[in-house]
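# Breakdown of the fold
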Amino acid sequence: MSSASSVAPASSASSVAPASSVAPASSAPSAPSAPSAPSAWTVAARPVDDPVSAMLLREYLVDVADRYYQLHEERDSTPEEIEQALAEMPSDDLAPPHGVFLLAHHQGALAGCAGLRLLDARTAELKRVYVRPAKRGLGGGAALLAAVEAAADGLGAGRIVLDTRLDLVEARGLYARHGYREVPAFTDGPYAEVWMAKELG
C-alpha cells in the first residue's frame, strides 16, 4: 500500500509547528488553541505495532479501501478484505532503524498518522498518511508532512517519494501544496497511479 494511496487497494520530538524533529511518544500534547493554529497539533513517534498505531492503520486502510470499492464496485470494503490487505501489506518496516511511524494529535485527541521508510541512503518513502474525517481541514496534513520531513532528515534522507491513486485528489492536492512534484513511476503496484517526490533542504 502506498502513502495515501491504495489498499485494495491502496497508493514522528517536538510540536509540529516548528517541524524540526519528532517528539518521543511520551511527550505531552500542546495546549488547546484555535482549531487552525499550528500549536493545536502535535506529532510524535510511536511503535508501529502499538495497539493505538494498529487502530489508526486499520482506519486508514478502511478509508482508502472504501473509496476504491465505491468508485469501482459501488460498495464498501468487507472486513475480510481489510484483514487480507493488512496481512498482505504489513507496516512493520515503518520502524527504527530505517523507518518511523508517527501519530498526530489535535488538541490532545488522536487525529491521524503517517509513516516513513528508507529506500536507500538518500531516499525515504512516505506511507500511510491519514487524518480522521472529523479532523480534516484543520491543518493535520500539513502538520504530518512537516514531522515526516523532520524525521526523514533525522534518518539522513534528502528526498521523499510517494505513490498514490488518481482518485485520492485531496491527498494529491496536499502533497502538491507542500512542494511534492510528479515524477516518473518508480513502483509497479496495481494501485499506484501517481508518483511524486520532494527534495529536502
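To be clear, the structure that these remarks concern was listed above.
Residues numbered from 1 in each chain as written. Predicted model: local features only at pLDDT ≥ 70, side-chain atom pairs only at ≥ 80, totals over all residues. Heavy atoms only, no water.

Let us now look at the overall build of the protein. Broken down by element type, the protein carries 4 helices and 7 strands. Going residue by residue from the N terminus, the α and β elements of the protein occur as β-α-α-β-β-β-α-β-α-β-β. Taken over 201 residues, the protein has a buried fraction of 48%. Carbon and sulfur atoms make up 56% of the accessible area of the protein, which totals about 9,000 Å². (Helix = DSSP H or I, 4+ residues; strand = E, 2+ residues; numbered from the N terminus. Buried < 20%, exposed > 50% of the residue type's maximum accessible area, 1.4 Å probe, protein only. Areas by Shrake-Rupley, 256 points an atom, 1.4 Å probe, with all protein chains shown as cover.)

Right, let's talk about the side chain of D50 for a bit. Its location among the elements puts D50 in the loop between β1 (41–45) and α1 (51–73). By relative accessible area, which is 18% here, D50 ends up buried. At a separation of 2.8 Å, a polar atom in the side chain of D50 contacts the main-chain amide nitrogen of V52. (Polar contact = N/O pair within 3.5 Å; in protein donor to acceptor, adjacent residues only side chain to side chain.)

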